[in-house]
Amino acid sequence: MEYASPADMLFRRYYDKLCSLTPSDHSSFKTELNFLLDELISENYSNNVTRDNIRPEDVCRLLLKASQLVPFSQEHLVLKLCQLVNLLLNQLQFSMDGHTLNCLVTYYVQALQTCSVWTHADILLALSSLVCGNGPSCQQHLPNLLGPNGILVICSAPSQPDMELRSAAIHCMANFCLGAPGQPYLEEPYREIYFRTFLQTLQTPKAPRVEELVFSTLLQSALKGMQCFLNGVKWKPGHGDDLGFLLAVLKKLMFYGLPGMIVEMPKILYPAPLPQYDDVSVAKVSEETVPAKPGGNKKKKPRGNVKKAEFEGKRVEKEESAKDQKELELRQGGGRNPREMMGNWSQKPSQLLAGGTALFHPSWRSSESEYSDTEGGANAKLRLYQMRIRQGSLHCFLSLVKCVDKRVMFGYWSAFIPDTPPIGGPPCLTLLTVALKDPSPKVRAGSLQVLSALLEGSRLFLSSAEDTSAPRQAFTSFSAALASSLRELHRSLLLALMAESSSQTLTQVIKCMAHLVCNTPYHRLRPGLLSPIWKQIQQYVRHRDVNVRVSSLTLLGALVSAQAPLPEVQLLLQQPVTMSGDVGCTREEHMSQNWRQQCTLEDGEEGICWLLGLCVSLVTQPREGSHSDSETIPHLSPNLLEPSPVRLEALQVLAHLVKGYFCLTQGWLLELCQVSACCLREQDPSVQLHGTKLLEELGTAIIQQYRTEERTAENIKHVPLCKVIQFWSEVLSGPLTTALQNEQHPTLQTSACDTLSSILPQAFRKLPEKTQMLCMTMLLGLTYSENSLVKAASVRALGVYILFPGLSEDVMFMMDSANVILTALEDHSPNVRAKAAWSLGNLTDAIIVNISRESVAIDFQKELSGGLLLKLVKSSIQASKDKDRVKSNAVRALGNLLHLVQPQQLEQPGFEELLGQAMCALVDTVKGDATMKVRWNACYALGNAFKNTALPLGTASWSAEAYSALSCAVVSCKNFKVRIKSAAALSTPSSRAQYGNSCQFAQVWIAITKALENSKEGVDFLEYRYHTSLCAQLCQSLLHLLSLCQPQDLGTIQGTVTGSFGSGLMGFLVNYLVDVDVSREGKGNEEENGQNSIQSQDRMKEMTDALGALRKLANEKEGCSAGADIVIDFFEGVVTNHKQIKPLGPLSVPHSSQDQTDQTTEATNCPS
């Protein structure tokens, strides 16, 4: 092999000489070996050419040969071998084979047991380099290292006097924990040893005689080890007090070495909803004790001289102190270097707050960059080490947050997040204190990363916050404390945003604010939290750093997507923007409670929404000014667009804006269409993809607007249909069709299919016929794509088109779609099968509608009789045995298909057996352990099938199984929605013969009465809201059965009305007729009251019809008059009690003349 540099040639020569040596006790051998080691150590292997040409196997053979030549008795040679190992591993960065690794580790373990103590520190450093990333491969050596008398245990013990040796041992243990992805985790016996050793080291205070630099090195190694331990094992903290001890020491180290702070921290933190430690003292040191910074002794201006800037959109909070309001003032650009701002911000030096930096950061804060080499001296080195400890503690904290259950971490929320601003005293020691006060931008960024991790996924926890009501003086509730904490988070992060000048840290501040906005329940908080953020973030979308611009757009996207539409954001979107980036015309009343009122949107159409215009310009217009990202591009063209990340984020903001605030963007529908068309014409697939996503959101918003047109305010005008038609005509005549055919990018094809499925049905009918044909043809063709994502999206889009008014009557299109869906149901991808099952359900829904239309009924019946129905039933039966996501719609389709069966089809060979299989599939689904949604659909499908009088219901063998499954579900299912749907299915048959013999009828009657009796037992809190609807459906089912009963059924009914549940049953029926619905509480709508009255009349008609049937039965059938009279008297008593009751309101309780039980009273509130 040829080597390209002198270092390579020397390495080869030394390697050959080393291999030629034979061990001996002669002095010449030791001299030669010493010379070769010195020469190898003196070379520089960091050159790229050298690194690429030296083969890893040669290095492994060299190290292995050297370990065989160096005896343990020659300790100075052992140390030189340690230096060589460190040098080669660190500079060449190669992977060592398992044999060499095992031999070298064995060599150094023996060296630790043989050599003098003074060599152990260097040996441990070499050993740590060997095991770095290879810890799981060295588990066989752990008994000698971490056993009861293991060397690492002894060297890392707190009693070890040599701090350098202890630090080396901790460093070696940290590298043992550092494993590569995919490697096995640490064995259980040693996990506890690692954790206890690292935690004990972090908790041990510095001894008086130990140098600060040495102790800092020890802490850095322990923090690195704890972080690797948390990253590389599946160990979950939280058992016992381990988590509390670890959090306490990490919180203490977050402030390690900060000048002017003496941190007193408890040894353990306990989970609590409110702050518990108020005895933390922070001692300020005088200016003389602060190390002077070379070349920049700035005077700290007193806070009393800070001028109060004009506060636009000031919060109205009477309980805040004057000092807190002064800190909360939103100053434009306060604390930043004006030279870092863009020229078009119109930021004047006079607008900068005098002493702004001193307000947010103490006077001891160093430069924004890390300590440079020229700063020199022991103090600079010490500050650097202390900074690394604070940074390491935050990195360790971040790993801890990621590996601990969020529900456990939220118990320590108050220990790291303040709930009140500091007033008249030292600040609380929290993550926000680090973000505002630490002199290192890396440490500040670390604290913001931890805070972002805590906020991510915290929506459910933070949803408990509420401060909309008047504050209570006696105590502070948990919801109020949590709301106060959220307000303090907004306030502090806003201060950090205004004071930060490091671009990297500024990016983390904005990302953290985005996490906060996404998880804060603004609808439960007093308004005014978003306006200051909105005002300040506008200027950063033109920041010179591309990452800041991207994160700023991310925050804007979070603002317009958080619980949209928010009245506060709605008003902010309608306000104009000045040249400096400030929102103009902000008034104090916008902060008051009138934010909660519905805003008028007419003004929003007078001018373009500023955020919409901003995002469009970022996507389509050349960049403005000089940006840092352009420095890497030579000869920058003046027409170059913004970087791709900025444009993609701007497109996402547009999509969020359209989705949440379409009423403000609908006036620029065609302009947004052009933006998407421009994106689709570009070469970047990511830009094309986001362009199609924007089109999809526009189409979905239009559909949603037309669906909710009747419920929206009268002053909101929907997009005219002619404009929607024009929009889709331009879209379908543009580059979207090219995207649909782009097989090189399946994700783009998938998104384009989703876009086609978002066409407004009313607009689709008005499109040219060739355009409609183009859409259908392309979707049908894409169902044969080899990519499962494209196939699933196209099948789903066909399922949407099937329900379009015009296409649902097109027999040929429906049959083509049916064949495609049948093929997709057999696909290997579960996602494709799920979409196909959904489309199959829509197909069968549309066929049922068309069968009832005289114009197309004959054509559809002809197609179904031709064997298509048989294929659909077979495929549905097979799909009902698939996964739940497929089964859910498969059973729905199966019920529809059984509803379509005609008598002549039942006579076809094999169809009766197929019918039995279909019914068994539905019964098994109802009785199975599928999700409640699947069981609900199965009950619905059985009810749908029972409507078909052509089916042999009541005589077929599967009838008893179907009724038994529904009876079991109506009595014992935990989900009330399933109970309601099963009760509805039991009341579907329209004739007595369909219920079978008297035993079968009795089973159904007893099941429904038992379901009424047990309707309150074991009710889950989440299900109780459906209790009244369940009772109403059960009563309706009983009346339906009563109207169909025959003489042989009267014995069962008589036993019920005269039994122990008779009085309770009367109470349920009386309340059903009274029709008191708590869901309409407080509503005085005359239309709703009219509907309520009509439904009450319908219920009384059901009772009257049932009584009429009973009287007719008693008159016609001899021998049953006695039983019939008892039943008639009971139900006439129900009618009499109903007439004596006048509903007093939504919560009124009727009282019958009989002694009704508590069940009667609580069953009053039955839904209509």
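Scroll up to find the structure this text is about.
Residues numbered from 1 in each chain as written. Predicted model: local features only at pLDDT ≥ 70, side-chain atom pairs only at ≥ 80, totals over all residues. Heavy atoms only, no water.

1. Remarks on the overall build of the protein
Helix and strand counts for the protein stand at 53 helices and zero strands. Here the protein has roughly 51700 Å² of accessible surface; of this, 51% comes from carbon and sulfur atoms. (Helix = DSSP H or I, 4+ residues; strand = E, 2+ residues; numbered from the N terminus. Areas by Shrake-Rupley, 256 points an atom, 1.4 Å probe, with all protein chains shown as cover.)

2. Structural notes on the packing of helix α30 (residues 669-680) against helix α31 (residues 685-707)
In contact at an axis separation of 7 Å, α30 and α31 are set at 155° when each is read in the N-to-C sense. It follows from the interaxial angle that α30 and α31 lie roughly antiparallel. The hand of the α30/α31 crossing is left-handed. Residues Leu669, Leu672, Cys673, Ser676, Cys679 and Leu680 of α30 form the contact with α31, whose own contacting residues are Val687, Gln688, Gly691, Thr692, Leu694, Leu695, Leu698 and Ile702. Looking at the contact of α30 with α31, its residues break down into ten nonpolar, four polar and no charged. (Axes fitted to C-alpha atoms, helices over the stretch in contact; angles between N-to-C directions. Parallel < 35°, antiparallel > 145°, perpendicular 65-115°, else oblique. Left-handed = near helix turned anticlockwise from the far one by under 90°. Contact = heavy atoms within 4.5 Å. Nonpolar A, V, L, I, M, F, W, Y, C, P; charged D, E, K, R; others polar.)

3. A short note on unusual backbone geometry
The peptide bond linking Ala564 to Pro565 adopts the cis configuration, its omega dihedral lying at 0°. The residue Pro565 is located in the loop between α25 (546-561) and α26 (567-574) in this model. For Gln93, which is not a glycine, the phi torsion comes out positive at approximately 55°. Mapped onto the elements, Gln93 comes out in the loop between α5 (75-92) and α6 (98-114). A positive phi angle, close to 45°, is found at Gln563, a residue other than glycine. Along the chain, Gln563 turns up in the loop between α25 and α26. When its relative accessible area of 27% is taken as the criterion, Gln563 is described as partly exposed. (Buried < 20%, exposed > 50% of the residue type's maximum accessible area, 1.4 Å probe, protein only.)

4. A look at the environment of Ser998
Assignment of secondary structure puts Ser998 in helix α47 (residues 998-1013). By relative accessible area, which is 29% here, Ser998 ends up partly exposed. Along the backbone, Ser998 and Gly1051 are 53 residues apart, and their C-alpha atoms lie at a distance of 9.9 Å. Setting aside residues no more than four positions away along its own chain, Ser998 makes contact with Arg992, Gln1048 and Asp1049.

5. Digging into the nonpolar core
One finds Leu611, Tyr801 and Phe1131 to be the most contacted residues of the largest nonpolar core, which totals 357 residues. If we ignore the near neighbours within four places in the chain, the residues touching Tyr801 are Leu756, Ser757, Ile759, Phe764, Cys775, Met776, Leu779, Leu807 and Phe813. (Core = buried A, V, L, I, M, F, W, Y, C linked by side-chain atoms within 4.5 Å.)

6. Comments concerning α6
Here α6 contains 17 residues, and its C-alpha end-to-end distance of 24 Å stays within 8% of the 24 Å for a straight helix at 1.5 Å per residue. All of the buried residues in α6 are Thr100, Leu101, Leu104, Val105, Tyr107, Tyr108, Val109, Ala111 and Leu112. Buried residues belonging to α6 abut α4 (56-69), α5, α7 (120-131), α8 (142-146) and α9 (151-155). Between a side-chain oxygen at the N-terminus of α6 and the backbone nitrogen of His99 the separation is 3.2 Å; the capping residue is Asp97. (Expected span 1.5 Å × (residues − 1). Polar contact = N/O pair within 3.5 Å; in protein donor to acceptor, adjacent residues only side chain to side chain.)

7. A closer look at the pattern of salt bridges
Applying the stated criterion across every chain yields a total of 23 salt bridges. Notably, a salt bridge pairs Glu500 with Arg444, separated by 2.7 Å at the nearest N-O pair. In this pair, Glu500 is assigned in the loop between α22 (478-499) and α23 (503-519) and Arg444 in helix α20 (residues 441-455), connecting sequence segments 56 residues apart. The class of Glu500 is buried, set by a relative accessible area of 2%. Put simply, Arg833 and Asp882 hold a salt bridge, and the shortest N to O gap is 2.6 Å. Here Asp882 lies in the loop between α40 (854-879) and α41 (884-900) and Arg833 lies in helix α39 (residues 830-851), a separation of 49 residues in the sequence. Judged by its relative accessible area of 13%, Arg833 is buried. What emerges from the salt-bridge pattern is a single network uniting Arg55, Glu57, Asp58 and Arg61. (Salt bridge = Lys/Arg side-chain N within 4 Å of Asp/Glu carboxyl O.)

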